[in-house]
Amino acid sequence: MPHTETPGTEAVPATRLRWWTELPLILLVYACYSAGRLVVRGDVADAVDHGLAILRVEQALFLNAEHPLNRLFTREPWIGIPADFWYASLHYLVTPAVLIWLFRSHAVRYRAARTWLMTSTFIGLIGFTLLPTCPPRLLDASHGFVDTMAYYSSYGWWGGEASAPRGLGGMTNQYAAMPSLHVGWALWCGVILWKYGRTRLTKTAAVVYPLVTTIVVMGTANHYFLDAVAGAAVMGAGLLLAPRVMRCADLAKARYLPRYAPAPAAPSATRSPIVSAGCQTSASERIPRQRHPESPYGPATEPGASPSDAGESAPAPAR
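Per chain, residue numbering runs from 1 following the sequence as it is written. The model is predicted, so local features are restricted to residues of pLDDT at least 70 and side-chain atom pairs to those at 80 or more, both for listing and for counting; the totals for chains, interfaces and linings are taken over all residues. Calculation of side-chain values draws on the structure's entire complement of heavy atoms; hydrogens and water are dropped beforehand.

**A closer look at unusual backbone geometry**
The phi angle of most residues is negative, glycine excepted, and most peptide bonds adopt the trans form. Note the threshold: In this description a helix means any DSSP run of H or I spanning at least four residues, a strand means any run of E spanning at least two, and both kinds are numbered starting from the N terminus. Exposure classes here rest on a 1.4 Å probe applied to the protein chains alone. A residue is buried below 20% of its type maximum, exposed above 50%, and partly exposed in between.
Cis geometry marks the peptide bond from methionine 178 to proline 179, where omega comes out at 0°. Here proline 179 lies in the loop between helix H6 (148-151) and helix H7 (181-196). Here the phi dihedral of phenylalanine 62 falls at roughly 55°; this positive angle occurs in a residue that is not glycine. Within the element layout of this structure, phenylalanine 62 appears in the loop between helix H2 (44-60) and helix H3 (66-75). For phenylalanine 62, a relative accessible area of 78% corresponds to the exposed category. Of note in the backbone geometry, alanine 221 takes a positive phi value of approximately 65° without being a glycine. Within the element layout of this structure, alanine 221 appears in the loop between helix H8 (200-219) and helix H9 (225-256). Overall, alanine 221 belongs to the buried group, its relative accessible area being 0%.

**Observations regarding the packing of H3 against helix H4 (residues 77-105)**
Put simply, the test is: Here an axis means a line fitted to C-alpha atoms, over the contact stretch when the element is a helix, while the angle between two N-to-C directions is reported on a 0 to 180 degree scale. Throughout, the term roughly parallel applies to angles under 35 degrees, roughly antiparallel to angles over 145, roughly perpendicular to angles from 65 to 115, and oblique to all others. Contact definition: two residues touch when any of their heavy atoms are within 4.5 Å.
Between H3 and H4, whose axes approach to 5 Å, the crossing angle comes to 105°. Taken together, H3 and H4 sit at an angle that is classed as roughly perpendicular. Of the residues in H4, those touching H3 at Leu72, Phe73 and Arg75 are Pro77, Ile79, Gly80 and Ala83.

In C-alpha coordinates form, the structure reads like this:
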(Lines give C-alpha, C1' and ligand atoms only; values in the text may rest on other atoms or scores of the structure.)
Protein backbone atom coordinates (compact mmCIF):
# COMPACT_ATOMS: atom_id res chain seq x y z
CA MET A 1 0.00 0.00 0.00
CA PRO A 2 1.61 3.33 -0.98
CA HIS A 3 2.50 5.68 1.83
CA THR A 4 0.69 9.02 1.78
CA GLU A 5 1.62 12.18 3.61
CA THR A 6 -0.86 14.26 5.54
CA PRO A 7 -1.49 17.48 3.56
CA GLY A 8 0.56 20.30 4.98
CA THR A 9 3.19 18.02 6.53
CA GLU A 10 5.03 16.82 3.43
CA ALA A 11 8.78 16.55 3.59
CA VAL A 12 10.53 19.48 1.98
CA PRO A 13 14.23 20.16 1.52
CA ALA A 14 15.92 21.16 4.75
CA THR A 15 16.17 24.89 5.20
CA ARG A 16 18.34 26.77 7.60
CA LEU A 17 16.44 28.65 10.28
CA ARG A 18 17.23 32.34 9.98
CA TRP A 19 15.82 34.82 12.46
CA TRP A 20 15.75 37.59 9.85
CA THR A 21 13.31 35.53 7.74
CA GLU A 22 11.16 34.13 10.56
CA LEU A 23 10.82 37.36 12.54
CA PRO A 24 9.04 39.30 9.74
CA LEU A 25 6.39 36.58 9.60
CA ILE A 26 5.70 37.01 13.31
CA LEU A 27 5.57 40.78 12.94
CA LEU A 28 3.17 40.42 10.03
CA VAL A 29 0.80 38.29 12.09
CA TYR A 30 0.94 40.76 14.98
CA ALA A 31 0.29 43.68 12.62
CA CYS A 32 -2.81 41.94 11.26
CA TYR A 33 -3.93 41.17 14.80
CA SER A 34 -3.51 44.81 15.81
CA ALA A 35 -5.43 45.97 12.75
CA GLY A 36 -8.27 43.63 13.65
CA ARG A 37 -8.27 44.96 17.21
CA LEU A 38 -8.66 48.55 15.93
CA VAL A 39 -11.52 47.54 13.64
CA VAL A 40 -13.41 45.71 16.40
CA ARG A 41 -13.29 48.61 18.85
CA GLY A 42 -16.22 50.31 17.16
CA ASP A 43 -18.38 47.16 17.04
CA VAL A 44 -18.75 46.29 20.72
CA ALA A 45 -22.53 46.07 20.48
CA ASP A 46 -22.26 43.64 17.57
CA ALA A 47 -19.69 41.59 19.47
CA VAL A 48 -22.07 41.25 22.42
CA ASP A 49 -24.92 40.23 20.11
CA HIS A 50 -22.74 37.58 18.50
CA GLY A 51 -21.74 36.21 21.88
CA LEU A 52 -25.35 35.96 23.06
CA ALA A 53 -26.32 34.28 19.79
CA ILE A 54 -23.65 31.61 20.29
CA LEU A 55 -24.83 31.09 23.86
CA ARG A 56 -28.44 30.61 22.73
CA VAL A 57 -27.41 28.09 20.08
CA GLU A 58 -25.45 26.09 22.64
CA GLN A 59 -28.33 26.08 25.07
CA ALA A 60 -30.68 24.89 22.33
CA LEU A 61 -28.25 22.05 21.51
CA PHE A 62 -27.64 21.22 25.20
CA LEU A 63 -23.95 22.06 24.82
CA ASN A 64 -23.78 24.48 27.73
CA ALA A 65 -20.56 23.23 29.37
CA GLU A 66 -19.23 26.71 30.18
CA HIS A 67 -21.44 27.42 33.21
CA PRO A 68 -20.58 24.33 35.30
CA LEU A 69 -16.88 24.61 34.49
CA ASN A 70 -16.82 28.32 35.30
CA ARG A 71 -18.58 27.73 38.62
CA LEU A 72 -16.04 25.00 39.46
CA PHE A 73 -13.06 27.22 38.64
CA THR A 74 -14.52 30.07 40.69
CA ARG A 75 -15.39 27.93 43.69
CA GLU A 76 -12.10 25.98 43.82
CA PRO A 77 -9.01 28.24 43.78
CA TRP A 78 -6.68 25.22 43.53
CA ILE A 79 -8.23 24.62 40.10
CA GLY A 80 -8.99 28.18 39.01
CA ILE A 81 -5.57 29.72 39.71
CA PRO A 82 -3.51 27.08 37.82
CA ALA A 83 -6.06 27.32 35.00
CA ASP A 84 -5.47 31.06 34.74
CA PHE A 85 -1.71 30.52 34.62
CA TRP A 86 -2.27 27.87 31.96
CA TYR A 87 -4.37 30.24 29.84
CA ALA A 88 -2.07 33.26 30.27
CA SER A 89 1.25 31.46 29.69
CA LEU A 90 1.31 28.18 27.78
CA HIS A 91 -0.32 29.56 24.64
CA TYR A 92 2.76 31.78 24.12
CA LEU A 93 5.38 29.29 25.34
CA VAL A 94 4.45 25.82 24.12
CA THR A 95 3.83 26.72 20.48
CA PRO A 96 7.25 28.39 19.90
CA ALA A 97 8.90 25.57 21.84
CA VAL A 98 7.30 22.96 19.57
CA LEU A 99 8.38 24.93 16.50
CA ILE A 100 11.99 25.03 17.70
CA TRP A 101 11.93 21.35 18.65
CA LEU A 102 10.48 20.44 15.26
CA PHE A 103 13.21 22.32 13.40
CA ARG A 104 16.01 20.79 15.45
CA SER A 105 14.77 17.21 15.28
CA HIS A 106 12.77 17.13 12.00
CA ALA A 107 14.06 20.04 9.96
CA VAL A 108 12.58 18.79 6.68
CA ARG A 109 9.09 19.00 8.22
CA TYR A 110 9.50 22.47 9.69
CA ARG A 111 8.45 24.61 6.73
CA ALA A 112 5.25 22.65 6.05
CA ALA A 113 4.24 22.66 9.73
CA ARG A 114 5.01 26.37 10.15
CA THR A 115 3.04 27.19 7.00
CA TRP A 116 0.10 25.21 8.35
CA LEU A 117 0.21 27.15 11.62
CA MET A 118 0.55 30.54 9.94
CA THR A 119 -2.21 29.87 7.42
CA SER A 120 -4.61 28.81 10.15
CA THR A 121 -3.71 31.85 12.21
CA PHE A 122 -4.50 34.19 9.33
CA ILE A 123 -7.87 32.49 8.87
CA GLY A 124 -8.54 33.03 12.56
CA LEU A 125 -7.60 36.70 12.29
CA ILE A 126 -10.08 37.08 9.46
CA GLY A 127 -12.72 35.57 11.73
CA PHE A 128 -11.86 38.02 14.51
CA THR A 129 -12.34 40.93 12.10
CA LEU A 130 -15.48 39.79 10.33
CA LEU A 131 -17.20 38.23 13.35
CA PRO A 132 -16.17 40.05 16.56
CA THR A 133 -17.52 38.04 19.47
CA CYS A 134 -17.81 38.95 23.12
CA PRO A 135 -16.40 36.20 25.35
CA PRO A 136 -18.53 34.89 28.24
CA ARG A 137 -16.48 36.80 30.83
CA LEU A 138 -17.45 40.17 29.31
CA LEU A 139 -21.18 39.48 29.20
CA ASP A 140 -23.50 41.04 31.73
CA ALA A 141 -23.29 39.42 35.16
CA SER A 142 -26.90 38.30 34.79
CA HIS A 143 -25.73 35.58 32.40
CA GLY A 144 -23.93 33.86 35.25
CA PHE A 145 -20.27 34.03 34.20
CA VAL A 146 -17.32 35.10 36.37
CA ASP A 147 -14.09 36.41 34.87
CA THR A 148 -11.59 34.19 36.68
CA MET A 149 -8.66 36.18 35.29
CA ALA A 150 -9.96 39.24 37.13
CA TYR A 151 -11.14 37.18 40.11
CA TYR A 152 -7.66 35.74 40.73
CA SER A 153 -5.65 38.67 39.32
CA SER A 154 -3.87 39.20 42.64
CA TYR A 155 -2.16 35.80 42.18
CA GLY A 156 -0.69 36.52 38.77
CA TRP A 157 0.80 39.20 36.56
CA TRP A 158 -2.32 39.74 34.48
CA GLY A 159 -4.84 42.51 35.06
CA GLY A 160 -8.60 42.63 35.05
CA GLU A 161 -8.90 43.50 31.36
CA ALA A 162 -7.40 40.39 29.81
CA SER A 163 -4.59 37.84 30.06
CA ALA A 164 -2.03 40.53 29.19
CA PRO A 165 0.23 41.99 31.90
CA ARG A 166 -1.23 44.74 34.05
CA GLY A 167 -1.57 47.99 32.16
CA LEU A 168 -1.32 46.32 28.75
CA GLY A 169 -4.90 45.11 28.44
CA GLY A 170 -5.64 47.77 25.83
CA MET A 171 -3.12 46.11 23.49
CA THR A 172 -5.22 42.95 23.21
CA ASN A 173 -8.38 42.24 21.23
CA GLN A 174 -10.82 41.26 23.96
CA TYR A 175 -13.55 40.45 21.42
CA ALA A 176 -11.51 37.80 19.58
CA ALA A 177 -13.44 34.82 20.92
CA MET A 178 -14.54 33.21 17.64
CA PRO A 179 -12.61 31.10 16.72
CA SER A 180 -10.45 30.08 19.69
CA LEU A 181 -6.81 30.14 18.59
CA HIS A 182 -5.87 28.91 22.05
CA VAL A 183 -7.56 25.65 21.15
CA GLY A 184 -6.37 25.79 17.53
CA TRP A 185 -2.71 26.24 18.41
CA ALA A 186 -2.94 23.60 21.13
CA LEU A 187 -4.40 21.18 18.60
CA TRP A 188 -1.53 21.96 16.20
CA CYS A 189 0.98 21.23 18.96
CA GLY A 190 -0.80 17.97 19.75
CA VAL A 191 -0.71 16.79 16.14
CA ILE A 192 2.98 17.65 15.74
CA LEU A 193 3.96 15.96 19.01
CA TRP A 194 1.92 12.86 18.21
CA LYS A 195 3.22 12.55 14.66
CA TYR A 196 6.91 13.18 15.30
CA GLY A 197 7.34 12.41 19.00
CA ARG A 198 9.29 9.28 19.80
CA THR A 199 8.70 8.90 23.53
CA ARG A 200 5.68 8.05 25.64
CA LEU A 201 5.93 11.48 27.28
CA THR A 202 5.47 13.33 23.98
CA LYS A 203 2.56 11.10 23.02
CA THR A 204 0.89 11.80 26.35
CA ALA A 205 1.47 15.55 26.02
CA ALA A 206 0.02 15.42 22.51
CA VAL A 207 -3.32 14.27 23.97
CA VAL A 208 -3.35 16.10 27.30
CA TYR A 209 -2.33 19.58 26.14
CA PRO A 210 -5.16 20.31 23.65
CA LEU A 211 -7.74 18.57 25.85
CA VAL A 212 -6.86 20.53 28.99
CA THR A 213 -6.60 23.76 27.01
CA THR A 214 -10.16 23.28 25.74
CA ILE A 215 -11.41 22.82 29.32
CA VAL A 216 -9.41 25.82 30.54
CA VAL A 217 -10.69 28.28 27.94
CA MET A 218 -14.27 27.42 28.89
CA GLY A 219 -13.74 27.26 32.64
CA THR A 220 -12.05 30.67 32.72
CA ALA A 221 -15.01 32.11 30.73
CA ASN A 222 -12.77 33.19 27.86
CA HIS A 223 -14.45 31.08 25.16
CA TYR A 224 -17.63 29.23 24.37
CA PHE A 225 -17.65 25.56 23.43
CA LEU A 226 -18.44 26.48 19.83
CA ASP A 227 -15.38 28.75 19.83
CA ALA A 228 -13.28 25.67 20.53
CA VAL A 229 -15.02 23.77 17.72
CA ALA A 230 -14.37 26.68 15.36
CA GLY A 231 -10.70 26.73 16.40
CA ALA A 232 -10.35 23.07 15.41
CA ALA A 233 -12.16 23.77 12.12
CA VAL A 234 -9.78 26.64 11.35
CA MET A 235 -6.79 24.36 11.87
CA GLY A 236 -8.35 21.83 9.51
CA ALA A 237 -8.82 24.49 6.84
CA GLY A 238 -5.23 25.66 7.30
CA LEU A 239 -3.99 22.09 6.93
CA LEU A 240 -5.72 21.74 3.58
CA LEU A 241 -4.54 25.13 2.31
CA ALA A 242 -0.92 24.87 3.47
CA PRO A 243 0.39 22.98 0.38
CA ARG A 244 -1.11 25.58 -1.94
CA VAL A 245 0.34 28.40 0.14
CA MET A 246 3.80 26.84 -0.10
CA ARG A 247 3.51 26.43 -3.85
CA CYS A 248 2.48 30.06 -4.24
CA ALA A 249 5.38 31.14 -2.03
CA ASP A 250 7.82 29.09 -4.13
CA LEU A 251 6.50 30.60 -7.36
CA ALA A 252 6.75 34.13 -5.98
CA LYS A 253 10.28 33.48 -4.73
CA ALA A 254 11.36 32.10 -8.09
CA ARG A 255 9.84 35.05 -9.94
CA TYR A 256 10.83 38.03 -7.81
CA LEU A 257 14.00 37.05 -5.97
CA PRO A 258 17.28 37.25 -7.93
CA ARG A 259 19.07 34.05 -8.78
CA TYR A 260 22.81 33.75 -8.58
CA ALA A 261 24.40 31.54 -11.26
CA PRO A 262 27.04 29.12 -9.96
CA ALA A 263 30.67 29.87 -10.77
CA PRO A 264 31.84 28.04 -13.93
CA ALA A 265 34.04 25.01 -13.38
CA ALA A 266 37.72 25.14 -14.35
CA PRO A 267 38.40 23.93 -17.94
CA SER A 268 39.35 20.28 -18.10
CA ALA A 269 42.28 21.07 -20.42
CA THR A 270 44.19 22.65 -17.57
CA ARG A 271 44.10 19.47 -15.57
CA SER A 272 46.60 16.67 -16.13
CA PRO A 273 44.94 13.53 -17.53
CA ILE A 274 47.41 11.19 -15.80
CA VAL A 275 48.24 10.75 -12.16
CA SER A 276 51.99 10.68 -12.67
CA ALA A 277 52.10 14.04 -14.45
CA GLY A 278 55.25 15.90 -13.58
CA CYS A 279 57.04 12.77 -12.29
CA GLN A 280 59.97 11.54 -14.46
CA THR A 281 62.46 8.68 -14.26
CA SER A 282 65.87 8.26 -15.83
CA ALA A 283 66.34 6.10 -18.93
CA SER A 284 68.23 3.35 -17.02
CA GLU A 285 65.87 3.31 -14.03
CA ARG A 286 63.32 0.54 -13.95
CA ILE A 287 60.58 -0.33 -11.58
CA PRO A 288 61.43 -3.36 -9.38
CA ARG A 289 60.25 -6.70 -10.85
CA GLN A 290 59.91 -5.05 -14.26
CA ARG A 291 60.40 -7.64 -17.01
CA HIS A 292 62.71 -6.57 -19.82
CA PRO A 293 62.42 -8.44 -23.11
CA GLU A 294 66.16 -8.18 -23.90
CA SER A 295 67.38 -9.49 -20.55
CA PRO A 296 69.96 -12.32 -21.04
CA TYR A 297 68.75 -13.94 -17.87
CA GLY A 298 65.33 -14.79 -19.17
CA PRO A 299 61.96 -13.11 -19.26
CA ALA A 300 61.27 -13.43 -15.54
CA THR A 301 64.64 -12.55 -13.98
CA GLU A 302 67.11 -9.74 -13.84
CA PRO A 303 70.73 -9.35 -12.62
CA GLY A 304 71.11 -9.56 -8.90
CA ALA A 305 67.65 -10.96 -8.29
CA SER A 306 67.43 -13.52 -5.52
CA PRO A 307 65.78 -16.88 -6.10
CA SER A 308 62.77 -15.74 -4.17
CA ASP A 309 62.44 -12.76 -6.50
CA ALA A 310 62.68 -14.92 -9.57
CA GLY A 311 60.13 -17.35 -8.27
CA GLU A 312 60.21 -20.50 -6.18
CA SER A 313 60.41 -22.77 -9.26
CA ALA A 314 63.53 -21.08 -10.70
CA PRO A 315 66.67 -23.38 -10.77
CA ALA A 316 69.58 -22.49 -8.53
CA PRO A 317 72.61 -20.97 -10.30
CA ALA A 318 75.40 -23.37 -11.32
CA ARG A 319 78.53 -23.37 -9.20
